[in-house]
Amino acid sequence: MLGRILPATFAALVWTGQNIILISSSIRLLFLPAIFFGVQVVPVMAVLTFLLGFSNGLFTSHAMAAGPSHVHPTLSDMAGSVMVLALIVGLNIGAGLSFLWLLE
């Protein structure tokens, strides 16, 4: 929640460049090995979980706000709708895959 509120509160936290958003979102992949190796230490996992949630809200709000402005103005409504659809499908797939650990 905090990651989604900060860009609306502080104008300095609003990024509109495609490369900045893509690179910052790609850096989140570094959380995978960090979470894998830090799973034994509870305080480390708490910090990693907070950072993962914070960066998710921050980068999602940036991408959703800046995305439609990078297409032709007549297609910006459709681009926003496709982005929301992709976000919802991705969240549902992620939620479904989170139950795979029960199959062990």
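## Quick notes on the overall build of the protein chain
Item 1. When you go through the protein chain residue by residue, the secondary structure sums to five helices and zero strands.
Item 2. When the elements of the protein chain are put in sequence order from the N terminus, they spell out α-α-α-α-α.
Item 3. Counting every position in the protein chain, which comprises 104 residues, the buried fraction comes to 18%.
Item 4. Here the contacts in the protein chain between residues at least 6 apart in sequence split such that 58% fall between residues at least 24 apart.

## A word on the packing of helix 2 (residues 18-27) against helix 4 (residues 42-66)
Item 1. At a minimum axis distance of 10 Å, the contact between helix 2 and helix 4 shows a crossing angle of 155°. By the criterion of interaxial angle, the relationship of helix 2 to helix 4 is roughly antiparallel. As helix 2 packs across helix 4, the resulting crossing turns out to be left-handed. Listed contacts from helix 4 to Ile21, Ser24 and Ser25 of helix 2 are Phe59, His62, Ala63 and Ala66.
Item 2. Looking at the contact of helix 2 with helix 4, its residues break down into four nonpolar, three polar and no charged.

## Observations regarding a nonpolar patch on the surface
Item 1. Together, Leu85, Val89, Ile93, Leu97, Leu100 and Leu103 give the surface a local cluster of nonpolar side chains, amounting to about 610 Å² of exposed area.
Item 2. Considering the arrangement of structural elements, one finds valine 89 in helix 5 (residues 76-97).
Item 3. Residue valine 89 is classed as partly exposed on the basis of its relative accessible area, which comes to 41%.

Criteria and cut-off values
- Residues numbered from 1 in each chain as written.
- Predicted model: local features only at pLDDT ≥ 70, side-chain atom pairs only at ≥ 80, totals over all residues.
- Heavy atoms only, no water.
- Helix = DSSP H or I, 4+ residues; strand = E, 2+ residues; numbered from the N terminus.
- Buried < 20%, exposed > 50% of the residue type's maximum accessible area, 1.4 Å probe, protein only.
- Contact = heavy atoms within 4.5 Å.
- Axes fitted to C-alpha atoms, helices over the stretch in contact; angles between N-to-C directions.
- Parallel < 35°, antiparallel > 145°, perpendicular 65-115°, else oblique.
- Left-handed = near helix turned anticlockwise from the far one by under 90°.
- Nonpolar A, V, L, I, M, F, W, Y, C, P; charged D, E, K, R; others polar.
- Patch = residues over 30% accessible without salt bridge, like charges linked within 9 Å, V, L, I, M, F, W, Y side chains within 5 Å.
- Areas by Shrake-Rupley, 256 points an atom, 1.4 Å probe, with all protein chains shown as cover.
- Salt bridge = Lys/Arg side-chain N within 4 Å of Asp/Glu carboxyl O.

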